[in-house]
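A closer look at the structure
Spelled out, the chains give:
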Amino acid sequence: MSNLKINLEPRSIAACPNPELPPDLKQAFKNQTLQHQVDVYQAAATNDIILDLAPTGTGKTKAGLSVVHHNCDRNAIYIAPTNALIEQQTEAAEKFVRDTGLPHIVKAASAKDIKMWRDDLVGKRSGEKLYNVLREPATIFPECGGGRPLLLVTNPDIFYYATFFAYNKLDRGNIAAEFYNSFSTVIFDEFHLYDAKQLVSLLFYLALSKVFNYFQYKRKVVLLTATPEPACEAALKTLEQSGVRIARIDGESQTAHLIPSQTAVSLEIRKQLEKQPLIAEISNEVIKRLNDYPDQNGAVILDAKDTLNRIATDLRERGYANFCGRITGDTKNEQRQKAAQKQVILATSTVDVGFNFDREVDPARQNLDWLIFSTRDRFSFWQRIGRVGRVLGKKQTDIPSEAIAYLPEQAWEQGIENLDCSGGREALKQMLESLDCLKRPFLEIYWRSEAFLEIARPLVELEISLEKLPEESLVTQLYQTLQAVLGGKREWHFYRERIKLLKGAENISSQPVQKIQKEWKYIKGGQSFVMSYLRAYCPEDFEDIKSKRASIEDVELKIQKDRQLAENLKEYAKIIKESYAPLFRFRDSLFENVTIYDPDNLLLDEVGETNLDPIHLLRFYEFESDSDRLEITSRAEEPYSLAFSLQVDDLEEFKNIYLCKLFAFENCTIKRMLGDVVRPTPLIKEIEKQLIPGVIVSETAKNRWAIVRLKKQGLDCYPISVSSYDYPSPKQYTFFPSLSGILAIASAGVALKCPDDEEFWVV
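Below is a short write-up of the structure.

1. Details of empty space enclosed by the protein
Considering all chains together, one arrives at 2 cavities of 30 Å³ or more under this definition. Empty space within the second largest cavity amounts to approximately 40 Å³. Of the residues forming the lining of the second largest cavity, the biggest block, 3 residues, is contributed by helix H19 (residues 451-465). Across the lining of the second largest cavity, the residue classes break down as 5 nonpolar, no polar and 2 charged.

2. Topic: the side chain of Thr56
Its location among the elements puts Thr56 in the loop between strand E3 (49-52) and helix H3 (60-66). For Thr56, a relative accessible area of 14% translates into the label buried. For Thr56, the residues in contact, after removing those within four places along its chain, are Ala226, Gln383, Arg387 and Arg390.

3. Let's talk about the pattern of salt bridges
Counted by the stated rule, this structure contains 37 salt bridges. A salt bridge links Glu567 to Arg563, with the nearest nitrogen and oxygen atoms 3.1 Å apart. With Glu567 and Arg563 both in helix H26 (residues 563-580), this residue pair falls 4 residues apart, about one helical turn. Overall, the relative accessible area of 38% leaves Arg563 in the partly exposed class. Put simply, Lys655 and Glu652 hold a salt bridge, and the shortest N to O gap is 3.3 Å. Placement of the pair is Lys655 and Glu652 together in helix H28 (residues 651-657), with a separation of 3 residues, close to one helical turn. Relative accessible area serves as the criterion here: at 33%, Lys655 is assigned to the partly exposed category.

4. Here's the deal with the packing of aromatic side chains
One pass over the full model with this rule turns up 31 aromatic pairs. A centroid spacing of 6.5 Å and a plane angle of 35 degrees characterise the contact between Tyr180 and Tyr205, whose relative ring orientation is tilted. Separated by 25 residues along the polypeptide, Tyr180 in helix H9 (residues 172-181) and Tyr205 in helix H10 (residues 196-211) bring together distant segments of the chain. Both residues of the pair, Tyr180 and Tyr205, belong to the buried class. Taken together, the ring pairs in this structure connect Phe644, Phe654, Tyr658, Phe663, Phe665, Tyr718, Tyr733 and Phe735 into an aromatic cluster. In this arrangement the basic side chain of Arg457 is found over the ring face of Phe584, its NZ or CZ atom lying 4.2 Å from the centre. Above the ring of Tyr640, the side-chain terminus of Arg672 is found at 3.8 Å from the ring centroid.

5. Overview of the environment of Asn356
Here Asn356 lies in the loop between strand E14 (344-347) and strand E15 (370-374). According to the relative accessible area criterion, Asn356 is partly exposed, its value standing at 34%. Once the C-alpha coordinates of Asn356 and Ala162 are considered, the two residues, 194 residues apart in sequence, prove to be 30 Å apart. What Asn356 contacts, discounting residues up to four positions off in sequence, is Gln88, Asn367, Arg387 and Arg390.

6. Regarding the sheet that holds strand E25 (residues 691-697)
One open sheet accounts for 7 strands, arranged E22-E25-E27-E26-E21-E23-E24; its pairing is mixed. At either end of the open sheet lies a strand with only one pairing partner, and these are strand E22 (663-666) and strand E24 (677-678). For E25 and strand E27 (residues 727-737), the ladder comprises 4 bridges, and the chain directions are antiparallel. Following the sheet pairing, Gly694 is matched in E27 by Pro737. Contacts from H26 reach E22 and E25 within the one sheet, and its direction differs from that of E22 by about 120 degrees.

7. Examining the layout of surface pockets
Of the volumes computed, that of the second largest pocket is approximately 1,500 Å³. Every residue lining the second largest pocket is counted, 45 residues in all, and those nearest its centre are Gly57, Thr58, Gly59, Asn356 and Leu392. At the level of elements, helix H1 (23-29), H3, helix H4 (83-100) and strand E10 (258-262) are the ones that each hand at least two residues to the lining of the second largest pocket. The element that contributes the greatest number of residues to the lining of the second largest pocket is H4, accounting for 8 residues. Across the lining of the second largest pocket, the residue classes break down as 16 nonpolar, 15 polar and 14 charged.

8. Here's the deal with the environment of Arg384
Here Arg384 is to be found in helix H15 (residues 378-385). Considering only alpha carbons, one finds Arg384 and Gln254, 130 residues apart in sequence, at a separation of 24 Å. If we skip the residues at most four places from it in the chain, Arg384 touches Ile301, Asp303, Ser349, Asp352, Leu371, Phe373, Ser374 and Thr375. A polar contact of 3.0 Å, which involves the side chain of Arg384, links it to the side chain of Asp303.

9. Things to note about a negative patch on the surface
Where like charges cluster on the molecular surface, the negative patch consists of Asp649, Asp650, Glu653 and Asp726. By the secondary structure assignment, Glu653 is in helix H28. We classify Glu653 as partly exposed; its relative accessible area is 39%.

10. Topic: the nonpolar core
One finds Leu130, Phe179, Phe188, Leu203, Phe204, Trp447 and Leu478 to be the most contacted residues of the largest nonpolar core, which totals 123 residues. Looking at this core element by element, the count peaks at 11 residues for H10. Those residues in contact with Phe179, other than ones at most four positions away along the chain, are Ile77, Leu130, Leu134, Ile158, Phe159, Ala162, Thr163, Tyr205 and Arg219. Phe591, Leu602, Tyr658 and Ile687 belong to the second largest nonpolar core, which has 40 residues in total.

The rules behind each value
- Residues numbered from 1 in each chain as written.
- Predicted model: local features only at pLDDT ≥ 70, side-chain atom pairs only at ≥ 80, totals over all residues.
- Heavy atoms only, no water.
- 1 Å grid on protein atoms, 1.4 Å probe; cavity = no way out; pocket = protein on both sides within 12 Å on 5 of 7 lines; lining within 4 Å.
- Points joined across faces, edges and corners; volume = space filled by probe spheres on them.
- Helix = DSSP H or I, 4+ residues; strand = E, 2+ residues; numbered from the N terminus.
- Nonpolar A, V, L, I, M, F, W, Y, C, P; charged D, E, K, R; others polar.
- Buried < 20%, exposed > 50% of the residue type's maximum accessible area, 1.4 Å probe, protein only.
- Contact = heavy atoms within 4.5 Å.
- Salt bridge = Lys/Arg side-chain N within 4 Å of Asp/Glu carboxyl O.
- Phe/Tyr/Trp six-rings, centres within 6.5 Å; stacked < 30°, edge-to-face > 60°.
- Lys NZ or Arg CZ within 6 Å of the ring centre and 35° of its normal.
- Pairing = 2+ DSSP bridges.
- Axes fitted to C-alpha atoms, helices over the stretch in contact; angles between N-to-C directions.
- Polar contact = N/O pair within 3.5 Å; in protein donor to acceptor, adjacent residues only side chain to side chain.
- Patch = residues over 30% accessible without salt bridge, like charges linked within 9 Å, V, L, I, M, F, W, Y side chains within 5 Å.
- Areas by Shrake-Rupley, 256 points an atom, 1.4 Å probe, with all protein chains shown as cover.
- Lys, Arg positive; Asp, Glu negative; His and termini not counted.
- Charge placed at Lys NZ, Arg CZ, Asp CG, Glu CD.
- Core = buried A, V, L, I, M, F, W, Y, C linked by side-chain atoms within 4.5 Å.

In structure tokens, the structure reads:
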């Protein structure tokens, strides 16, 4: 398994010396206009969706913002993929608006920003605040007076919650209406980094814009990406076939007026190592480069935060702390600015988007001379290799750069050693596209197996709001468009009924037992939910009602008389609600983040507090906790493993009913292990939930290969021991918690069962 060395030729991009643009846009581009920027603006005049596929670091942000000029008196929204990028792109948008003389007021709208808006002016709830600001921005921003339009800069989380009716029930309809109606220009930045859930919300919005005729009223949607996802490209082609006008701008297709954009890169491809050898190898590489090339700047970008932090500690202990700055998702903005000025930047994927490695003293050559990085898929590969050797607008453009890329071991098993190392970028591109281990495995799987239940929620909300109006039929049309785009096979009425059931579960789970006994029929979705309960637990009663041998009034009487039955209904409602909860959460995590104090700079370059996933904390750190805070004391000498335990009433019943079934498990606990020894910590009791959703599978000789493959693809799974009072020794299984459970079963090609035994997998 030898390392591979390949020279990537320098890249150029076409300039546009005499751009056909309005004078105010020429002013904004300051006579440094690139051809793809002109093409994007011109394509927006006659198209609904514009894809700018120019390489990383070649001015796609300005290209996207230029489209606002076509709707210069109307609201616009810019969706930046991270909170750190919201701040940066807000500044970029403000400058662009200033330079062009556009009337827009630019406002950042991260969760933190929204929280800071004054409660006495726009309300206390996040959705209420956002709605009121969009409805009447001058309420809190006096500069918006006189009808000046708003350019809102936000993130995919808020966009998802707004368009998928996921805010508080008092606000969700209002805020969804504003997001559907308010924006005439919609810019999605770096959308190739979107996961399946984010792409579903994007495609939903595009389909809705088509079906509800927003494109006829000059709505323009700009998609910015250097590496488009093939599955998303296919979805856009389906929209194009339905009549949506789509323009694709390739920034490198022009051959006239070329100017350098990236230097030649000498790339070495290495096999991903185990953690300790990898830490030693990268640390030694960094030190060698600091010693051999003291005038060069470099970076290390890794997916694994713990590995990166250990490299930072190793370099500090070896006397190189002053040369290195660290940037992770935990790093606060002011610390990022300091870290970015160091000679070597150690970073996680947080720098993949929008972070330009700018220096306070701008060098004449590239900002990054060398780069060491890991990658899990070909999209992040090209994103990261595009970070080194950028020379657009630089005086010196001919100094070569160097890079080392660590690829998964499977790349060698799948034939990367056959790479034509004399073939440059095109040969490398074709090779990476052929490697299954560098594909995103769950995108199409997610669309085929779960997305329709997720998109059913906003569709039902739209249907309710349009009831008895002429536009009501558009909901079915929208569903059919999404069905064509995403590939689902169930009819709309199936999902409508499933959402009614889930709404019933959500509403009943929050009611006192007495109210359930008296009013369950009048609780929204209550009847659908009770029928689901009868189907799962009282099949004879269910069949009697279905065949009309009994009536719903008979069930009503039973619930009124039998408190235990009402209590069972409430417990079942909680299980249904929690089982499906991962589908309707934008960020899927098993536990909420915890705040920790880092006195020894194990996570941060400066002493302070940060938020951390408790799973990461439990696995990689020793810590102390008191009533006030958690404090990291040291790194674990060896990473801890985590294991779950589940207590059930009857083990045979569990095996027959609950294996390979989406469920929210009660009496499920988590253990921190070192080998076979349990290491107790009070933190576990603090974070454990009453119900933990997921799928438990039995690992057998027949399916072991599938479970190994799922682990390699990055799905979280843990050992779980299941015991009952009648079996003295627990049985061992594998637990895929939360959304990982749903994806695991869908990926393995098995029909996943819901708590009421309905088949979940749609294909």
